[in-house]
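Listed below, chain by chain, are the residues.
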Amino acid sequence: MDASSSITRTVVVNAPRSAVWAAITDPDKISQWFGQRTSLDLSVGGKAAFTWDEHGTARAVVTEVDEPNAFGFRWAADMEADPVIGNSTLVRFTLSEHAAGTELTVVETGFDTLDRDVADQKRAREGNVQGWHAELDELVAYLHGVKA
């Protein structure tokens, strides 16, 4: 996979895997670190929506649920759009045990499949690099304040 078409970020969270799983799959918990409002049907094919007051709503479709190991979705690159091939990327969270708690890796792929010119694909990826950096920092901070 070409690194310019994907994003990978790994964080270690001082929390049990069950708490990290809940934080990435429970809409009330997601809304504590990822946008302001979340709706999520936690089943393959289920719909999700992540809303940021300042950006709008990113719509998604769940692609994988393997509790407590992996969770994935396809989300639209543009706010307020339904995710389909050509306008969306795949996001996959994997969780594993770590001496300090839980290792969480997020991989987002498919920027090179967006129906955009190469410069716009690159801008979309760079925006999400910054987004995942900030959002995962918020997740770590949120989980460090949560008691399991």
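Going by the structure above, here's the rest.
Source: prediction; values computed, not measured. (Residues numbered from 1 in each chain as written. Predicted model: local features only at pLDDT ≥ 70, side-chain atom pairs only at ≥ 80, totals over all residues. Heavy atoms only, no water.)

A. Up close: the sheet that holds strand E3 (residues 47–52). Overall, antiparallel pairing links the 7 strands, which are arranged E1-E7-E6-E5-E4-E3-E2 in an open sheet. In this open sheet, the two edge strands, each paired with only one partner strand, are strand E1 (6–13) and strand E2 (37–40). When the angles between neighbouring strand axes are averaged without regard to direction, this sheet yields 20°. Pairing geometry for strand E6 (residues 88–98) and strand E7 (residues 101–109), over 9 bridges, is antiparallel. Its bridge partner being in E7, Glu 97 is matched across the sheet by Thr 102. Set on the sheet, helix H1 (residues 17–25) makes contact with E1, E2, strand E4 (56–66), strand E5 (70–76), E6 and E7; between it and E6 the angle comes to about 165°. (Pairing = 2+ DSSP bridges. Helix = DSSP H or I, 4+ residues; strand = E, 2+ residues; numbered from the N terminus. Axes fitted to C-alpha atoms, helices over the stretch in contact; angles between N-to-C directions. Contact = heavy atoms within 4.5 Å.)

B. Seen up close, the packing of aromatic side chains. Evaluated as defined, the whole model comprises 14 aromatic pairs. On the numbers, 5.2 Å between centres and 80° between planes, the contact of Phe 34 with Phe 50 is edge-to-face. Taken together, the residues Phe 34 in the loop between helix H2 (27–30) and E2 and Phe 50 in strand E3 connect sequence positions 16 residues apart. Taking relative accessible area as the criterion, Phe 50 reaches 2% and is therefore assigned buried. With a centroid separation of 6.2 Å and 40° between ring planes, the pair formed by Phe 73 and Phe 93 is classed as tilted. With Phe 73 in strand E5 and Phe 93 in strand E6, this residue pair connects regions lying 20 residues apart in the sequence. Members of the aromatic cluster, joined through ring pairs, are Trp 21, Trp 33, Phe 34, Phe 50, Trp 52, Phe 71, Phe 73, Trp 75, Phe 93 and Trp 132. (Phe/Tyr/Trp six-rings, centres within 6.5 Å; stacked < 30°, edge-to-face > 60°. Buried < 20%, exposed > 50% of the residue type's maximum accessible area, 1.4 Å probe, protein only.)

C. Region of the structure containing a nonpolar patch on the surface. The grouping of Leu 42, Val 44 and Val 65 at the surface amounts to a nonpolar patch, some 220 Å² of accessible area in total. Tracing the backbone through its elements, the reader meets Val 44 in the loop between E2 and E3. (Patch = residues over 30% accessible without salt bridge, like charges linked within 9 Å, V, L, I, M, F, W, Y side chains within 5 Å. Areas by Shrake-Rupley, 256 points an atom, 1.4 Å probe, with all protein chains shown as cover. Salt bridge = Lys/Arg side-chain N within 4 Å of Asp/Glu carboxyl O.)

D. Here's a closer look at the environment of Asp 115. Relative to the helices and strands, Asp 115 is located in the loop between E7 and helix H3 (118–144). Judged by relative accessible area, which is 66%, Asp 115 ranks as exposed. Along the sequence, Asp 115 and Asn 87 sit 28 residues apart, while their C-alpha atoms lie 6.2 Å from each other.

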